[in-house]
Amino acid sequence: MSIYANHILLDILSSVKTNYLVAIHNVCMDKKFCQNLKAARAQAGMTQKQIASLLGVVESCYANWEQGRTEPSVSSLRKLCGLLSVTADELINGEL
């Protein structure tokens, strides 16, 4: 195999590795967000239905956030923080 072909192969492998690591990071981050969102809601003593109503979304929309199927918009995240008395950093990265 030529040096040129080796460089191409290394570039491809590097790209695959980077994409894999980004995907793993995103899965872990999403899982942490879901866990923190559910914990914050429980600490606030509210149901999914109550939170959804206060946010102006349907209950299934909110439930999808807790289950990691979808993510809230930035404006919904801001509202969530106010309702649950937590920061966005606590929801995304923190341990509640």
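Residue positions are given per chain, counting from 1 as you read along its sequence in written order. In keeping with the predicted nature of the model, local features appear solely for residues at pLDDT of at least 70, side-chain atom pairs appear and are counted solely at 80 or more, and the whole-chain, interface and lining totals rest on all residues. Note that the side-chain values use all heavy atoms of the structure and ignore hydrogens as well as water.

Another point: the overall build of the chain. Along the backbone of the chain there are five helices and zero strands. Along the chain, helices (α) and strands (β) appear in the sequence α-α-α-α-α when read from the amino end. Note on definitions: a residue-residue contact is assigned when non-hydrogen atoms from the two residues lie within 4.5 Å. For the chain, contacts bridging at least 24 residues in sequence account for 57% of all contacts bridging at least 6. The method behind every accessible area is Shrake-Rupley, applied with a 1.4 Å probe, and residues are considered shielded solely by the protein chains displayed. Looking at the chain as shown, the accessible area adds up to about 6,600 Å², and 59% of this sits on carbon and sulfur atoms. The helix and strand labels rest on DSSP assignments: H or I over at least four residues marks a helix, E over at least two residues marks a strand, and numbering proceeds from the N terminus.

Moving on, we get to unusual backbone geometry. Unlike most non-glycine residues, Ser-85 shows phi in positive territory, near 55°. Residue position: Ser-85 is located in the loop between helix H4 (74-84) and helix H5 (88-92).

Moving on to the confidence of the model for the chain. Caution applies to low-pLDDT regions: their predicted coordinates should not be interpreted in detail. Every residue gets a pLDDT, meaning the predictor's confidence in that residue, from 0 to 100. When pLDDT is averaged across the chain, the result is 84; 77% of the residues are at 70 or more. For the chain, the element scoring lowest by mean pLDDT is helix H1 (residues 3-44), at 75; helix H2 (residues 48-55) scores highest, at 97.

Looking now at the nonpolar core. One finds Leu-37, Ile-51, Tyr-62, Leu-80, Leu-84 and Leu-91 to be the most contacted residues of the largest nonpolar core, which totals 15 residues. Those elements that place two or more of their residues in this core are H1, H2, helix H3 (59-67) and H4. Per element, the largest residue contribution to this core is four residues, and it comes from H4. Leave out the neighbours within four places in its chain, and Tyr-62 touches Leu-37, Arg-41, Gln-48, Ile-51, Ala-52, Leu-55, Val-57 and Leu-80. Definition of nonpolar core: a set of buried residues of the types Ala, Val, Leu, Ile, Met, Phe, Trp, Tyr and Cys, connected through side-chain atoms within 4.5 Å. Under the scheme applied here, a residue whose accessible area is under 20% of the maximum for its type counts as buried, over 50% as exposed, and between as partly exposed, the area being computed with a 1.4 Å probe on protein chains only.

Before going further, it helps to spend a moment on H3. Every buried residue of H3 is listed here: Tyr-62, Ala-63, Trp-65 and Glu-66. One face of H3 carries all of its buried residues, which in axial projection span an arc of 150°. Once H3 ends, the next one or two residues include Gly-68, with phi positive near 80°. Here the arc refers to the set of directions running from the helix axis out to each C-beta atom.

Two rings belonging to Phe, Tyr or Trp (six-membered ring only in the last case) form a pair when the distance between their centres is within 6.5 Å. Interplanar angles under 30 degrees mark stacking, angles over 60 mark edge-to-face geometry, and anything in between is tilted. One pass over the structure, following the stated rule, counts one aromatic pair. An angle of 70° between the planes, with centres 5.8 Å apart, marks the rings of Tyr-62 and Trp-65 as edge-to-face. Taken as a pair, Tyr-62 and Trp-65 lie in helix H3 at a separation of three residues, close to a single helical turn.

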